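So you can see what is in the structure, the chains are spelled out below.
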Amino acid sequence: ERFGDRALRWKAEALSLIVPWLVDERGRPSVKIELPADETTVVEALLTIGMQQSARIRQMLDHDGKRVDWLSFHYLNKAWLQALGDPFAIDIPRTGIGQPRPVPPKATLDGDPPKNAVLVGKRVYLRPQEPEDFQIVASLARRETETFFDIGRYLPSSMAFTSRLDNQQKPTWPAVVWFAVCLRETDEILGVVGLLNIDYQHRFAETGSFFHRPEFRGDGYGSEAKHLLLEWTFEVLGLHMVQSWVSFSNTRSAAALRKQGYSEAGRMVWAYSHNGTLDSFVLFDLLATEWRAMPREEWSASAMT
Ligand SMILES: CC(C)(COP(=O)(O)OP(=O)(O)OC[C@H]1O[C@@H](n2cnc3c(N)ncnc32)[C@H](O)[C@@H]1OP(=O)(O)O)[C@@H](O)C(=O)NCCC(=O)NCCS
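The structure presented is a predicted model; accordingly, all values stated were derived computationally and were not measured.

On to the overall build of the protein chain, then. Counting its regular elements, the protein chain contains 9 helices and 11 strands. For 305 residues, the compact-globule estimate of 2.2 N^0.38 gives 19 Å, and the protein chain sits close to it at 21 Å. The principal-axis extents of the C-alpha atoms in the protein chain amount to approximately 65 × 45 × 40 Å. Across the 305 residues that make up the protein chain, the buried fraction comes to 47%. When contacts within the protein chain are restricted to residue pairs at least 6 apart in sequence, those whose partners lie at least 24 apart make up 66%. Taken as a whole, the protein chain presents about 15900 Å² of accessible surface, with 52% of it coming from carbon and sulfur. Taking the average place of the 35 positive charges on the side chains of the protein chain and the average place of its 39 negative ones, the gap between the two points comes to 1 Å.

The ligand sits among 25 residues. The nearest are R101, F211, G218, G222 and S223. In the model, a nitrogen atom of the ligand is placed 2.9 Å from a nitrogen or oxygen of the T95 side chain. For the ligand, whose free accessible area comes to 960 Å², the fraction covered by protein is 83%. Elements represented by at least two residues in the shell around the ligand include exactly strand 8 (204-211), helix 6 (221-237) and helix 7 (251-259). Per-element accounting of the shell around the ligand gives the leading share, 6 residues, to helix 7.

To continue, consider the packing of helix 1 (residues 4-25) against helix 2 (residues 40-48). Each packed pair of helices is defined by two parameters, the angle between the axes and the distance between the axes. Between helix 1 and helix 2, whose axes approach to 8 Å, the crossing angle comes to 20°. When the interaxial angle is binned, helix 1 and helix 2 end up roughly parallel. The two elements helix 1 and helix 2 meet at a crossing, and its hand is right-handed. Between helix 1 and helix 2, the residues in contact are L8, R9, K11, A12, L15 and S16 and T41, V42, A45 and L46, respectively. A per-class count over the contact of helix 1 with helix 2 returns 6 nonpolar, 2 polar and 2 charged.

On to the pairing of strand 6 (residues 177-183), then. Counted residue by residue, strand 6 has 6 buried out of 7 residues, so it is predominantly covered. Note: strand 5 (residues 124-128) against strand 6, 5 bridges, orientation antiparallel. Its bridge partner lying in strand 6, V124 is registered against L183. Of the strand pairs in this sheet, strand 6 and strand 7 (residues 189-199) are connected by 6 bridges, and their pairing is antiparallel. Paired with W178 across the strands is G194, a residue of strand 7. Taking the residues that link successive antiparallel strands as the turn, the strand 6-strand 7 hairpin has 5 residues, and the phi of D187 there is positive, at about 70°.

Definitions and cut-offs
Residues numbered from 1 in each chain as written. Predicted model: local features only at pLDDT ≥ 70, side-chain atom pairs only at ≥ 80, totals over all residues. Heavy atoms only, no water. Helix = DSSP H or I, 4+ residues; strand = E, 2+ residues; numbered from the N terminus. Rg over C-alpha atoms; globule rule 2.2 N^0.38 Å. Buried < 20%, exposed > 50% of the residue type's maximum accessible area, 1.4 Å probe, protein only. Contact = heavy atoms within 4.5 Å. Areas by Shrake-Rupley, 256 points an atom, 1.4 Å probe, with all protein chains shown as cover. Lys, Arg positive; Asp, Glu negative; His and termini not counted. Charge placed at Lys NZ, Arg CZ, Asp CG, Glu CD. Near = heavy atom within 4 Å. Polar contact = N/O pair within 3.5 Å; in protein donor to acceptor, adjacent residues only side chain to side chain. Axes fitted to C-alpha atoms, helices over the stretch in contact; angles between N-to-C directions. Parallel < 35°, antiparallel > 145°, perpendicular 65-115°, else oblique. Left-handed = near helix turned anticlockwise from the far one by under 90°. Nonpolar A, V, L, I, M, F, W, Y, C, P; charged D, E, K, R; others polar. Pairing = 2+ DSSP bridges.

Structure follows, in structure tokens:
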């Protein structure tokens, strides 16, 4: 701020020197730069050295009360491009209908809400995580039957999970908030939904979901729980928008996000190594205003699946 436009010119010049050096001379596969869209001097410099815009997350940043988009740019190594092919040329794999569905209306309760429930839906409710959840989750992780959504099974210990709980639940301004998703009928835990990297200044976060029981995936439970999370995120916490990152191979999660009203925001290419190649994420965003404007309507049986 102190140096105004000059600071942006220095930043542009520095990046124009460093990025080609890191990739063309030092041989890194790629360099990624993330920046606010209003840094136009820097954006122009990145385009001039041949960087490619890979994503635009809408209205993620707050600059003195004005919402500003967030951009990412990639500079890819030519030798790696030859070996792996162009990750921007790959069509993002898709499954599902690809259309947003109405938000299920608020559930009306007959009696008291389930114990510790923060939000209650028709079939599931959200409550804070408890140490006892992690014995179940750790054991379910070892019996995971699907691998397409991640790089193999994630094998956490219940102790590691429990030790993180204090860090997550004690701060006044937690960076991460996870809720356990429980089945109303039996109170059993099905999975978690939550917010990661919460930024209270810019009022955005990343959403995450994980259903530990494969038999409860693909039946709309994840989307029902997500809408409860979004209600809490936008109407209680007061965030302006959320984003989500999904591996290209996780077509179900991407389909669920499209169903929940998220829009595609670009890709984060060559983001992690997997099976002899570098894989990519597809990015999504959703504004509070968009979520509020979605129709409220009970899901028919067919809309749930
Ligand atoms: C991601 C997750 C929370 C989504 O919840 P869900 O209850 O499965 O989602 P929904 O049933 O509401 O929607 C799933 C969508 O994927 C499609 N789908 C269902 N099964 C699928 C499968 N095996 N492969 C690909 N797509 C599938 C459905 O058709 C539906 O889209 P549509 O209604 O537009 O046709 C859940 O599947 C899950 O926990 N998966 C494992 C962990 C994970 O991937 N977490 C997210 C990491 S980014």
